[in-house]
Amino acid sequence: MAGHSKWANIRHKKGKEDIRRGKIFTKLAKEIMVAARIGGGDPTSNPRLRTATIAARSENMPKDNIERAIKKGIGDLDGANYEEITYEGYGPSGAAVIVEVMTDNKNRTVGEVRHAFSKCGGNLGANGCVAWMFDKKGFLVVEKGAVDEDALMEAALEAGAEDVREEEECFEIITEPQDFDAVRDALETAGFAFTMAEVSMIPQTMTSLEGKDAQQMVKLMEMLEDNDDVQKVHTNADIPEDLV
């Protein structure tokens, strides 16, 4: 699980860089559009849309951009029709990788994803080849500091969290996917702030990487995350601290 926290921190830091490039807004807008298309444009009755709009606001996405993405999703404005696809594969030393994408051109995207794997010493696999190594869970990260561990644990478990785990620099709150919204809302109301809050794929065990394999794995993750069609990347790779 500690390795999962490392990747969570990488994505958080990278997200800040992406904000400066405006890149992250593209990914957020896609998620909002798809969520609105599937469940309607009202966040109060569409949990996925509500989660997407909360994520967008936390990254300071302009309100107009959020509203425009919702309108595109429900068909009030013209917009691309994005398809959700999940790819699975292996990185260096057989580390498991799951890639979630939203694309309006499946052939382009699968070619780019396959290229990233092959360039970094991995290979794209068949559907289901690594998904069994992960559990779908709500995943919230609270940085240590002024946080009272007992208060956090009590509030989280009372709200329905499955577990609260202490890592070196943070606390991880794990929930069942259906309990994620309730736990997040309860902790926000109690005054806790998150560096990450999402429904994620949590690895059951980690694969330790060293040396060149670890460097190649970081390169693979960065290539995938830099792709505009890629929404999330999950891995069970555990790499040395100096590469994070």
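None of these values were measured; they are calculated from a predicted model.

## Regarding the pattern of salt bridges
Scanning all chains against the criterion turns up 13 salt bridges. Across the pair Arg108 and Asp229 runs a salt bridge, and its minimum N-O distance is 2.8 Å. Placement of Arg108 in helix α5 (residues 106-119) and of Asp229 in the loop between α8 (211-226) and β9 (230-235) is noted, with a sequence separation of 121 residues between them. Ionic pairing is found between Asp163 and Arg165, a salt bridge with its closest N-O pair at 2.8 Å. In this structure Asp163 comes out as partly exposed when scored by relative accessible area, which is 28%. Three or more residues are tied together by salt bridges with common partners; here these are Lys30, Asp104, Arg108 and Asp229.

## Section: the sheet that holds β9
Sheet architecture is open: four strands sit in the order β3-β1-β2-β9, paired in antiparallel fashion. Edge positions in the sheet fall to β3 (123-124) and β9, since each has one partner strand and no second. With five bridges connecting them, strand β2 (residues 96-103) and β9 associate as antiparallel partners. By the bridge assignment for β9, Glu100 is matched with Lys232. This element, helix α2 (residues 23-39), spans β1 (83-90), β2 and β9 of the sheet and lies at about 100° to β9. Against the sheet, α8 makes contact with β2 and β9, and its axis sits at roughly 160° relative to β9, the strand it touches most.

## Overview of the packing of helix α6 (residues 149-159) against helix α7 (residues 180-189)
Remark: α6 packs on α7, axes separated minimally by 8 Å, with the N-to-C direction vectors making an angle of 145°. Note that α6 runs across α7; the crossing there is right-handed. Packed against α6, whose contacting residues are Leu152, Ala155, Ala156 and Ala159, the element α7 presents Ala182, Val183, Ala186 and Leu187 at the interface. Broken down by class, the residue content of the contact of α6 with α7 amounts to eight nonpolar, no polar and no charged.

## Focus: the environment of Asn81
For Asn81, the location among the structural elements is in the loop between α4 (63-74) and β1. A relative accessible area of 58% places Asn81 in the exposed class. Distance in space between the C-alpha atoms of Asn81 and Lys30 is 9.6 Å, their sequence separation being 51 residues. Discounting chain neighbours no more than four positions away, the residues touching Asn81 are Arg37, Thr103 and Asp104.

## Focus on the environment of Glu210
Residue placement: Glu210 occurs in the loop between β8 (207-208) and α8. Judged by its relative accessible area of 59%, Glu210 is exposed.

## Brief notes about α8
Across its 16 residues, α8 extends 23 Å between first and last C-alpha, which sits within 8% of the 22 Å expected from 1.5 Å per residue. Those residues of α8 that fall on the buried side of the exposure criterion are Ala214, Gln216, Met217, Val218, Leu220, Met221, Leu224 and Glu225.

## As for the domain arrangement of the protein
Parsing the protein into structural domains produces domain 1 (16-74), domain 2 (83-132 + 205-243) and domain 3 (133-203). One C-alpha centre belongs to domain 1, the other to domain 2; they are set 24 Å apart. In this complex, domain 1 contributes eight residues to the contact, which on the side of domain 2 involves nine residues. Both faces combined, the contact of domain 1 with domain 2 buries some 790 Å², and carbon together with sulfur accounts for 38% of it. Per-residue buried area on domain 1 facing domain 2 is highest for Lys23, Lys27 and Lys30; these three make up 63% of the total on that side. The interface formed by domain 1 and domain 2 holds two salt bridges in total.

Reading the values: the criteria
Residues numbered from 1 in each chain as written. Predicted model: local features only at pLDDT ≥ 70, side-chain atom pairs only at ≥ 80, totals over all residues. Heavy atoms only, no water. Salt bridge = Lys/Arg side-chain N within 4 Å of Asp/Glu carboxyl O. Helix = DSSP H or I, 4+ residues; strand = E, 2+ residues; numbered from the N terminus. Buried < 20%, exposed > 50% of the residue type's maximum accessible area, 1.4 Å probe, protein only. Pairing = 2+ DSSP bridges. Contact = heavy atoms within 4.5 Å. Axes fitted to C-alpha atoms, helices over the stretch in contact; angles between N-to-C directions. Left-handed = near helix turned anticlockwise from the far one by under 90°. Nonpolar A, V, L, I, M, F, W, Y, C, P; charged D, E, K, R; others polar. Expected span 1.5 Å × (residues − 1). Domains from an automatic or database assignment. Buried area = accessible area lost by both parts, 1.4 Å probe.

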